[in-house]
Amino acid sequence: MSSLSRELVFLILQFLDEEKFKETVHKLEQESGFYFNMKYFEDEVINGNWDEVERYLGGFTKVDDNRYSMKIFFEIRKQKYLEALDKHDRSKAVEILVKDLKVFASFNEELFKEITQLLTLENFRENEQLSKYGDTKSARAIMLVELKKLIEANPLFRDKLQFPNLKSSRLRTLINQSLNWQHQLCKNPRPNPDIKTLFVDHSCGQPNGARAPSPANNPLLGSTIPKPGGFPPIGAQIGAHGPFQPAPTPVAPLAGWMSNPPAVTHPSASGGAIGFAAMLKHPRTPSTANPSMDYPSGDSDHLSKRPRPVGLSEEVNLPMNMMPATYPQSHSYPQDDFHKAVARTLSQGSAPMSMDFHPVQQTLLLVGTNVGDIGLWDVGTKEKLAVRNFKVWELGKCSMALQAGLVKDPTVSVNRIIWSPDGTLFGVAYSRHIVQIYSYHGGDDIRQHLEIDAHVGGVNDIAFAHPNKQLCIITCGDDKTIKVWEATSGTKQFTFEGHEAPVYSVCPHYKENIQFIFSTALDGKIKAWLYDNLGSRVDYDAPGHWCTTMAYSADGSRLFSCGTSKDGESHLVEWNESEGAVKRTYQGFRKRSMGVVQFDTTRNRFLAAGDEFVIKIWDMDNTSLLTTIEADGGLPASPRIRFNKEGTLLAVSTVDNGIKVLANADGVRLLRTLENRSFDASRSASETVTKSLINPLTAAAAAAAAAAATSSGTAAPSAITAMNGDSRSLVDVKPRITDESMDKSKVWKLMEIADTTQCRSLKLGDNHRTTKISRLIYTNSGVAILALASNAIHLLWKWSRNERNSTGKATASVSPQLWQPPSGILMTNDIIDNNPEEAVHCFALSKNDSYVMSASGGKISLFNMMTFKTMTTFMPPPPAATFLAFHPQDNNIIAIGMDDSTIQIYNVRIDEVKSKLRGHSKKITGLAFSNVLNVLVSSGADAQICVWNTDGWERQRSRFLQIPSGRPTSNILDTRVQFHQDQLHCLVVHETQIAIYDASKLEPVKQWPVRENSSPITHATFSCDSQLIYASFLDATVCIFSASSLKLQCRILPASYLPPNISSNVHPVVVAAHPSEANQFALGLTDGTVYVMEPLESDRKWGNPPPVENGSTSNLSTPPNGVSSSDQPER
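Residues numbered from 1 in each chain as written. Predicted model: local features only at pLDDT ≥ 70, side-chain atom pairs only at ≥ 80, totals over all residues. Heavy atoms only, no water.

1. Some remarks on the side chain of Asn-415
Here is step 1 of the chain: Secondary-structure assignment places Asn-415 in strand β6 (residues 414–419).
Here is step 2 of the chain: Engagement of the side chain of Asn-415 in a polar contact is seen with the backbone oxygen of Val-459, the distance being 2.9 Å. (Helix = DSSP H or I, 4+ residues; strand = E, 2+ residues; numbered from the N terminus. Polar contact = N/O pair within 3.5 Å; in protein donor to acceptor, adjacent residues only side chain to side chain.)

2. Observations regarding the state of the cysteines
Here is step 1 of the chain: A complete count under the given rule lists 0 disulfides for this structure.
Here is step 2 of the chain: Not engaged in a disulfide, the cysteine Cys-1039 finds its nearest cysteine sulfur in Cys-1050; these two sulfurs lie 8.4 Å apart.
Here is step 3 of the chain: For Cys-1039, a relative accessible area of 0% translates into the label buried. (Disulfide = S-S within 2.5 Å. Buried < 20%, exposed > 50% of the residue type's maximum accessible area, 1.4 Å probe, protein only.)

3. A short note on the sheet that holds strand β56 (residues 1081–1085)
Here is step 1 of the chain: What the 4 strands build is an open sheet, ordered β30-β57-β56-β55; its pairing is antiparallel. Looking along the sheet, the strands with just one partner apiece sit at the ends: β30 (759–764) and β55 (1068–1073). Averaged over all pairs of adjacent strands, the angle between their axes in this sheet comes to 25°, without regard to strand direction.
Here is step 2 of the chain: Two elements, β56 and strand β57 (residues 1090–1095), share 4 bridges in a ladder whose sense is antiparallel. (Pairing = 2+ DSSP bridges. Axes fitted to C-alpha atoms, helices over the stretch in contact; angles between N-to-C directions.)

4. As for the confidence of the model for the chain
Here is step 1 of the chain: Overall, the predicted model of the chain reaches an average pLDDT of 79, with 77% of residues at or above 70.
Here is step 2 of the chain: Across residues 678–746, where pLDDT falls below 50, the model places 121 contacts with residues more than four positions away in sequence or in other chains.
Here is step 3 of the chain: In this model, residues 1110–1115 is a region of pLDDT below 50 whose contacts with residues beyond four sequence positions or in other chains number 18 contacts. (pLDDT = per-residue confidence, 0-100. Contact = heavy atoms within 4.5 Å.)

5. Considerations on the pairing of β55
Here is step 1 of the chain: Here β55 lies mainly inside the structure; 6 of its 6 residues are buried.
Here is step 2 of the chain: As paired elements, β55 and β56 share 5 bridges and run antiparallel to each other. The residue bridging Val-1071 from the neighbouring strand is Leu-1083, located in β56.

6. Looking at a nonpolar patch on the surface
Here is step 1 of the chain: Where nonpolar side chains cluster on the molecular surface, the patch consists of Leu-198, Phe-199 and Val-200 and spans about 390 Å² of accessible area.
Here is step 2 of the chain: Structurally, Leu-198 can be placed in the loop between α9 (170–184) and α10 (276–281). (Patch = residues over 30% accessible without salt bridge, like charges linked within 9 Å, V, L, I, M, F, W, Y side chains within 5 Å. Areas by Shrake-Rupley, 256 points an atom, 1.4 Å probe, with all protein chains shown as cover. Salt bridge = Lys/Arg side-chain N within 4 Å of Asp/Glu carboxyl O.)

7. Observations regarding the sheet that holds strand β40 (residues 890–898)
Here is step 1 of the chain: Overall, antiparallel pairing links the 4 strands, which are arranged β39-β40-β41-β42 in an open sheet. Strands at the two margins of the open sheet, each flanked by one partner only, are β39 (881–887) and β42 (912–918). Between one strand axis and the next, the sheet turns through 20° on average, direction left out of account.
Here is step 2 of the chain: Here β40 runs beside strand β41 (residues 902–907); their pairing, made up of 5 bridges, is antiparallel. By the bridge assignment, Ile-894 is partnered in β41 with Tyr-906.

8. Some remarks on the packing of aromatic side chains
Here is step 1 of the chain: Taken as a whole and assessed by the stated rule, the structure comprises 31 aromatic pairs.
Here is step 2 of the chain: When the ring of Phe-426 is compared with that of Tyr-438, the centres are 5.1 Å apart and the planes differ by 15°; the resulting orientation is stacked. Of this pair, Phe-426 sits in strand β7 (residues 425–430) while Tyr-438 sits in strand β8 (residues 434–440); the two residues are 12 residues apart in sequence, bridging distant segments of the chain. No difference in accessibility class separates Phe-426 from Tyr-438, as the two residues are buried.
Here is step 3 of the chain: Following the ring pairs from residue to residue traces out a cluster consisting of Phe-36, Tyr-40, Phe-41, Tyr-56, Phe-60 and Phe-157.
Here is step 4 of the chain: When the ring centre of Phe-34 is taken as origin, the NZ or CZ atom of Arg-6, which lies over that ring, is 5.1 Å away.
Here is step 5 of the chain: The ring of Trp-819 has Lys-798 lying over it, and the distance from NZ or CZ to the ring centre is 4.3 Å. (Phe/Tyr/Trp six-rings, centres within 6.5 Å; stacked < 30°, edge-to-face > 60°. Lys NZ or Arg CZ within 6 Å of the ring centre and 35° of its normal.)

9. Digging into the side chain of Thr-902
Here is step 1 of the chain: Following the sequence through the fold, Thr-902 ends up in strand β41.
Here is step 2 of the chain: Polar contacts involving the side chain of Thr-902 include one to the side chain of Asp-900, which spans 2.7 Å.
Here is step 3 of the chain: Among all residues touching Thr-902, those that are not within four sequence positions of it are Ile-896, Gly-897, Lys-916, Leu-917, Arg-918 and Ile-924.

10. Quick look at the pairing of strand β46 (residues 955–960)
Here is step 1 of the chain: Here strand β45 (residues 944–949) pairs with β46 via 5 bridges, running antiparallel. Paired with Ile-945 across the bridge in β46 is Arg-959.
Here is step 2 of the chain: Between β45 and β46, which follow one another and run antiparallel, lie 5 residues, and Trp-953 among them has a positive phi close to 65°.

11. Thoughts on the nonpolar core
Here is step 1 of the chain: Core analysis: the largest hydrophobic core is formed by 40 residues, its most contacted members being Phe-36, Phe-41, Leu-57, Tyr-81 and Leu-101.
Here is step 2 of the chain: Of all the elements in the fold, those that place two or more residues in this core are α3 (38–46), α4 (50–57), α5 (67–86), α6 (90–101), α7 (109–117) and α8 (136–153).
Here is step 3 of the chain: Among the elements that line this core, the one with the most residues is α5, at 10 residues.
Here is step 4 of the chain: Apart from residues lying up to four places away in sequence, Phe-36 is in contact with Phe-41, Tyr-56, Leu-57, Phe-60, Ile-151, Phe-157, Lys-160 and Leu-161. (Core = buried A, V, L, I, M, F, W, Y, C linked by side-chain atoms within 4.5 Å.)

12. Points about the environment of Ser-168
Here is step 1 of the chain: Here Ser-168 is to be found in the loop between α8 and α9.
Here is step 2 of the chain: The spatial distance from the C-alpha of Ser-168 to the C-alpha of Glu-18 is 8.6 Å, given a sequence separation of 150 residues.
Here is step 3 of the chain: When sequence neighbours within four positions are dropped, the list of residues in contact with Ser-168 reads Gln-14, Glu-18 and Thr-173.

Written out as structure tokens, the structure reads:
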């Protein structure tokens, strides 16, 4: 149901309540499921109307929806059962037991047996747990308090417990406004009209009996309309007057671009069809935002309801062996036209959110991901030329809202990445406030150009255009505005206000010497703006009424839009610009798309959209689906897609955080040509193009001059591309051929750091004379490091924001403070004897860094991270906890590994063990959740890995590590597990090896074994972006591997961070990775010290990834012949 329909239900609910339709109002609440009336629910519970209580609840949840719902229904039915027993109505009690309570037996059989035994007692208060049960009234009141807590905590009731803040009689007011508006549009308005019906549009009869024209056909909508005087309220009960804009019909004219609009049948103040010229002569002022309509901003708690999927977690990916749907094919086209061949498979490492091919160099592909990374690929050579992790360049110049938001939650996603028309710049729009503009100078040379704190909340789209022959950047965001920035200096030129919801996309265009911008918002509104401050020229609803993008064909002659509604209905349409109406609607989408569908156009001939795990293709001139492309499978439900300018290549995102590049016949020939070019020829071509791109602000003019010289009568590229902000409308230029992959493979060598001048290291000490750091972690905000020492004491180092450290985050350049609250207390775990050194230590940190759960052989303790106070202790040994992990979707659920080889799933809120998992034979050494696969992976001292389903906690599969035969193990490192950022692959670490597993199959993909007679591994972990693996060894060496290939790319020798006179027994036992700085990690040592490690500022990273045999720098897919072992230089 659309947002407006939902609001209409609230208006009707208010009307029914005011008119005292008591039963009807609660029936509508229950049937719509939009508003849970807690007051009504309380009254029914207190009165014991149990059938009505359950019927009303049934509109919002069912017994087995989640644990909160189950608890709600159980408490209600238990109370009903006890009341029957209290009345000595045994037959009623038995009926309730069999009919209502038996459903819970499968979840807790012992509890059901105990409830059943109450039948045998003369007074159920003889049961110890029910001994304090009072009378019925007090028992219902006590239960009601618990029910309210459960309802408020239940995610199914989120946003349903608060009725919107409406003025009284709002629906009557709107009707009165509509009648006033209709009356104002009458040709001969009569004073004090007698309006007797709402079923048809009002019109005052003319003297000759002729009917006044419908207001929707009135040609004066674009100009000022004189108001008739003295129009009183229509009946005392109707209320106040005021302007009103009824919702237009979905497929009526788009408030025209051209003259001579057709008539429409439904009155619409905003939908009247005005000629484009008239639109320019009579610009409309922006409408005042409706204060009663509140849309989520980027910093809102409702951010999870944003339309764009963030990574793979929000897409519903069916099993990959499920065959995609097939569709009837139409028309006869040469198969060479279609991109059937998978020419390249690239592994980005995190989920691609936006892609764009270079407008000149046809094989250069930009990629932006769900963790804020950007990558530059040369598809021809399969080389990743450049990678940039998200980082605010000048945080001090950003707004305090952004600074505070990043401290609270550092996660950032790329919403859009796009080249400028000439390919000398590219822009990145992020989900948090800012856009970053890079300049491109050929090869892997990308440089910081501009950083703009553009919008409050997310920046949802970015485009380039040439108004007044000046390159500009156009952005839109969650703050409901569109802004225009000068591309050289970043100076803001225009701010367009008028949308009443977050602006989702922008589409600059050029027509008849007029430059303008289309924009779409999350309430489905489409508006058009000139480069002035006179407001929107168009105000209309897009099909789907939610997430819509607009794009022109490559030649700028045809306009298309694609959108997905909140209910998952997708609409791909072509607009008739001369009439401002939908010209054709393309068929072939599934009824409920599993995500927001993205589309693209190519060669002025075809449309493509990613939907239902395939790419769907249409001929622009035919509404029937032309063909589908499966791309050998592995696509998400709604893949991201992008054509290159010539339409020869098509990039599409995959479920494993990769990109497949599909090619038609011309594309295959292009890529083969690049592969066969000689080294010298490729160098020559590279240098030629690079030179032409040296000056980013004059290259466009040079390209335009070249185009004019090449083809007389052809529009200059800058003019063509300014039509739609799409940088793929340039004239054909020979693609750049890079030689860098061959160069790097010849000169690459392992980076080795042997002394203190080659990296940055910072020693963190303490005053508590700790012996060994057993556990180490950065806080999620990245501003502190928490350690658990072997004496059961926690240590917390915090960095402060100052002139030397503007971000306030952990760094090796500035010393932190060993933090302690004013009370002076320490966070010390419970221990069971006087030798905690022998205990197994473990902890887990809550998502908001407020609490830490920890154990050191004794009870599990919950500490407040601000005060260091012990909030509670639970689960005394035996067995003792050996590993802790919070459930990623519910902080109240904890997986606890035990030294008796079991895993207990514990609910902190209700202090109850929900499940006990058995499958290991020795103590649990590692736990990791995947919220994509909905599994828990465990590892044990038995060298076994198990996968458990988190829905029913059944074991799905297990396997033992492949440990070299005959090799003794010393238990220096128990087996550990950690999920890759894609939540599909898992890092498995043992003292003898590092391996990457496909968690869905529990099969090894890559493996790095420790050579015989070499020092064993003591710990290893992924970097925050999962591109690197940091591993420590018993000889105090630290090795840094490329995660995609498990090849060593940097080795840090002990002399580079340890003092020269230190004992040879001192070595790292734990490694922790910074949560947002991919090249920072920390080491916890056996002597109780912690070292923070970073590369030199001049290096910025730990070496370069080693060359890969198949040319792909990142590939986590399973090799065809089983496990791939990386050939490594001797460590």
